[in-house]
Amino acid sequence: MRPTLDTLLSGSNAVYIAELYGRYLSNPHDVDAGWAGFFSELEEDGRAVLDELRGATWAPSGAAVIGAPGGVAAAKPAAAAGRAGPSVDEIRNAARDTIRALMMIRTYRVRGHLIADFDPLGLEGKSYHPELDYKYYGFTEEDLDRPIFIDYQLGQETATLKEILAILKATYCDTIGVEFMHIMDPDEKAWIRQHIEDLSSRRGFTHLGRRTIYQRLVEAEGFERFLDKKWKGTKRFGLDGGESMIAALEQIVKRASQAGVKEVVFGMPHRGRLNMLASVMCKPYRAIFAEFQGLAANPEGVLGSGDVKYHLGASADRVFDGNRVHLSLAANPSHLEAVNPVVVGKVRSKQKRRGDTTGDQVMAVLMHGDAAFAGQGLVAETLELSQLEGYRTGGTIHFVVNNQIGFTTVPSKSRSSPYCSDIAKMIQAPIFHVNGDDPEAVVHVSRLATEFRQRFKRDVVIDMFCYRRHGHNEGDEPMFTQPVMYRAIAKHPRTLEVYRDALIRDGVLSVQEAETMETEFEAKLETEFESAGSYRPNKADWMEGVWEGLVRLSEDEELREDDTAVPIDLLRTVGHALSRKPDNFNLHPKIARQLDAKRQMIDTGRGIDWATAEAMAFGTLMTEGTNVRLSGQDSGRGTFSHRHSVLIDQVNEEKYFPLREICDGQGTFEVLDSPLSEAGVLGFEYGYALDDPHTLVLWEAQFGDFANGAQVIIDQFISSGESKWLRFCGLTLLLPHGLEGQGPEHSSARLERYLQLCAEDNMQVVNTTTPANYFHVLRRQVRRNFRKPLVVMTPKSLLRHKLVVSDLADMATGTRFRRVLPEVDRLNGQVRRVVLCSGKVYYDLLQARREAGIDDVAILRVEQLYPWPRKGVMTQLARYPSAELVWCQEEPANMGAWTFVVPRLTDMLSTMRHEQRLPLYVGRKASASPATGLASVHKQEQEVLVHFALAEPADRLIQPFRPPVPR
């Protein structure tokens, strides 16, 4: 049955019909023959639909009201309208007008932002776009005053063309522009359309609301100008030109608290950070002034390098309309956008601890610069996580302070997309563009963004066009590179002035009231300035809340022996749970055999391999109530098909997690196969661990050198976060490492880089060689009363090596993590040499020594490289007082641990008054590449270095050792 015309032109059908009709007008053959026939009938005879329209009302003004509410059957008879029914030509023309109007309306929704008034400086604005010209749709000036049926698309049944244009321009081309038609979800799209086209809400600010916005601007601008007056030219990365951001953030927090949000976590760059700290986070002005005066920011004399004032974080409780909300601002390095995944990771953890499974109670707000949002890859990596299981947080509000410049680079040179925010379209986020000189518009879209996030639990972007009144920093001269822009800025009134004039003009404020608000705030700042010299921060807050009971390490780490052992009965209970075959589950035959082998390990207490020891560490922790979270590429199965922490039904692909089936009341276990992202996922897990010290949080690199892509997170957060910001973190990194002839890229985890970062007990680096020691170091990570990042060089080939096994008793009561492992064989001869090593090369040395029958060379293993176990190493060396000392490694001399251990070993030899002054080196020669790409060359190099370590006399060991070039 053919649909009636009023049905076709109503609701979402209208948009579809408009698109088809546009294609038809361009080329009738470009649409389906049925639709071509329909449009042809409308245009050429109209008689085919005449019978169905006889009951439609006919407005005396001449506008065809096709599709009146209630449908054709409910329409008033034509006679009631006072004239005869419409002619075929009138029906045809009315239908054409309606379709063309609907096409135009849809185009404004899609492209109206292209001619909107965003730029306060007027440098980049466009006032014309051909598709936004009514003439493009076949209308003429004679049509401007003719009513057209538009089916309530803009809140009206009919409107003149002039009225339609006025509504569209006020909605989509004023100081607000919105991009939302790329969204596929019809409900999300309809919600935005409904709210953005409600012009009454945009203009619905009360006098009190407008005065409050003005007060926020007074504080934001007054603070920046005060700093400029007191510390002229001092670097502060001020918000000058973007002050409306403060009013926007206040609105976001207020509306979020009304919608049930209990916590908001902010992340932002350095620009505007001091203003944010003062205005939103309520950091005392005198505290900020004291920092400008060079007074210590750390309370209670706590040591640490500290950081510049525009990198620091803060937390505060705010109350809006009786709703208390906790705010936290993450500390951030200068590396723009690096904090993004950290913030969403913190939010995910907070949601987990609150039981907030929907994201209603904890929300992330990220602020960005325009150049960084378009240019930094971590933006895309963080957006990618937004809807993934295990990483989603219910949506992030992104606020872009669009200065229309990046350092000295203009937008046309810094991106290929029209807007800096276009990257967000990849996740179908709505984007609100807004003019920063219209504070009410900025506040309005901030409210809409918050409501959208709470309703649909998706990311949303606010792109506030503004400017940077100074250069990149206050000591920079922007006229060197952007003279046109900065001449315009010099002439442009400040946002406060623009808004003040508008409020005075509307009778909201008098001139006297405006001046009073400004002078009172300046007086407040002067008072705060006077008291800054005597300001002392309150007690430290980093060990409160969930961190209560933990301490900061203040003693020699090696003197601590943490209890990580587990009763043998509990080990067996966990082991049996891990090896249990699930009922009514179609296991892969190989997995079934692995479970049988695992069961035998537990029953005999012998032959515990690496994967089983790891699972035992996780499982025993979980029986004690500790949660475990492991993420990385292929972490469920394991890169080397060794872990199998997720079993997959071979028929229906249902999942079974053995670690979740140990006992009632156990901790939770999450294992996540992450997207192909290193920096984003590692940053997320760092943020998670930063918030929750009682969950064992692990990130696993597919291969150790994959962490190269996350170096910013490692350098700027993991290794230095405690020293810079007094923020502690117990994140564990699992980095597969070992030279095995697989080429340069998948051999080295770059152990040397982590050791180079080590100082002041900032983190732990281990290269364990036994499953039992790995078991203990994992448990130690959450059984200590302090938190430090842990970097583990994990094995590859050793996962299945026949010698790399432990007994269950090695994990039971009375055992612990051993930083240094002594000689394991009984040596009958006088030991002439001690070979000190770490990691996989030990087993090559051990096997070669046994095969050669060498009994005068002892092999010691350093399992923990940092903190350096000086006492443990010296104790073992003391057993061989006359033996020479060799450090052996398989990595090139400029890599691995050699450059880290040589000064420490030299100092120890001196302390022991050993006749040998310097340790000897055996390993590969220095190399630009971590490993050879030829397996045969690798094999020869490995054999040579093992031979030299065990058998060659000291005078043959050249420093650094250079093996012969293979022929």
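Scroll up to find the structure.
Presented here is an overview of the structure given in this document. (Residues numbered from 1 in each chain as written. Predicted model: local features only at pLDDT ≥ 70, side-chain atom pairs only at ≥ 80, totals over all residues. Heavy atoms only, no water.)

**So, the packing of aromatic side chains**
Here comes step 1: What the rule picks out here adds up to 31 aromatic pairs.
Here comes step 2: Residues Phe 118 and Phe 465 carry aromatic rings whose centres are separated by 5.1 Å and whose planes lie at 25 degrees to one another, so their mutual orientation is stacked. Here Phe 118 is found in the loop between helix H5 (88-111) and strand S1 (147-149), whereas its partner Phe 465 is found in strand S10 (residues 460-465), with 347 residues between them in sequence.
Here comes step 3: For Phe 118, a relative accessible area of 5% corresponds to the buried category.
Here comes step 4: Taking the centre distance of 6.5 Å and the plane angle of 85 degrees together, the rings of Tyr 419 and Phe 465 count as edge-to-face. Taken together, the residues Tyr 419 in the loop between helix H16 (411-414) and strand S9 (431-435) and Phe 465 in strand S10 connect sequence positions 46 residues apart. In this structure, Tyr 419 and Phe 465 share a single accessibility class: buried.
Here comes step 5: The ring of Phe 529 is capped by Lys 230, whose NZ or CZ atom sits 4.4 Å from the centre of that ring. (Phe/Tyr/Trp six-rings, centres within 6.5 Å; stacked < 30°, edge-to-face > 60°. Helix = DSSP H or I, 4+ residues; strand = E, 2+ residues; numbered from the N terminus. Buried < 20%, exposed > 50% of the residue type's maximum accessible area, 1.4 Å probe, protein only. Lys NZ or Arg CZ within 6 Å of the ring centre and 35° of its normal.)

**So, the nonpolar core**
Here comes step 1: Within the largest apolar cluster, 109 residues are counted, with the highest numbers of intra-cluster contacts made by Ile 164, Met 245, Phe 266 and Phe 289.
Here comes step 2: Apart from the residues lying within four places of it in its own chain, the contact partners of Phe 266 are Leu 249, Val 253, Met 276, Val 280, Met 281, Leu 327, Ser 328, Leu 329, Ala 330, Val 343, Val 365 and Met 367.
Here comes step 3: Of all hydrophobic cores here, the second largest spans 74 residues; its members include Ala 749, Leu 860, Leu 865 and Ala 893. (Core = buried A, V, L, I, M, F, W, Y, C linked by side-chain atoms within 4.5 Å. Contact = heavy atoms within 4.5 Å.)

**As for the sheet that holds strand S4 (residues 263-267)**
Consider a sheet: its strands pair through backbone hydrogen bonds, and that pairing is either parallel or antiparallel.
Here comes step 1: The strand order S3-S9-S10-S8-S7-S4-S6-S5 describes an open sheet built from eight strands, whose pairing is mixed. Of all strands in the sheet, those with a lone pairing partner are strand S3 (176-179) and strand S5 (314-320), marking the two edges. Strand-to-strand, the axes of this sheet are offset by a mean angle of 20 degrees, without reference to chain direction.
Here comes step 2: The pairing of S4 with strand S7 (residues 362-369) spans five bridges and is parallel. Note on S7: the bridge partner recorded for Glu 263 is Val 362.
Here comes step 3: Taken strand by strand, helix H13 (residues 339-354) contacts S4, strand S6 (323-329), S7 and strand S8 (396-402), and its axis lies near 175 degrees from that of S7. (Pairing = 2+ DSSP bridges. Axes fitted to C-alpha atoms, helices over the stretch in contact; angles between N-to-C directions.)

**A word on the environment of Val 434**
Here comes step 1: Structurally, Val 434 can be placed in strand S9.
Here comes step 2: Given a relative accessible area of 0%, Val 434 falls into the buried group.
Here comes step 3: The spatial distance from the C-alpha of Val 434 to the C-alpha of Gly 177 is 6.3 Å, given a sequence separation of 257 residues.
Here comes step 4: Residue contacts for Val 434: discarding those within four places in its chain leaves Phe 118, Thr 175, Ile 176, Ala 441, Val 442, Val 445, Ile 462, Asp 463, Met 464 and Phe 465.

**Description of the pattern of salt bridges**
Here comes step 1: Applying the stated rule across the entire model yields 64 salt bridges.
Here comes step 2: Residue Glu 557 is joined to Arg 780 by a salt bridge in which the shortest nitrogen-to-oxygen separation is 3.5 Å. Placement of the pair is Glu 557 in the loop between helix H20 (511-531) and helix H21 (568-579) and Arg 780 in helix H28 (residues 771-783), with a sequence separation of 223 residues. For the residue pair Glu 557 and Arg 780, the accessibility class agrees, reading buried in each case.
Here comes step 3: Three or more residues joined by partner-sharing salt bridges are found here, namely Glu 555, Glu 557, Arg 560, Glu 561, Asp 562, Arg 780, Arg 784, Arg 816 and Arg 819. (Salt bridge = Lys/Arg side-chain N within 4 Å of Asp/Glu carboxyl O.)

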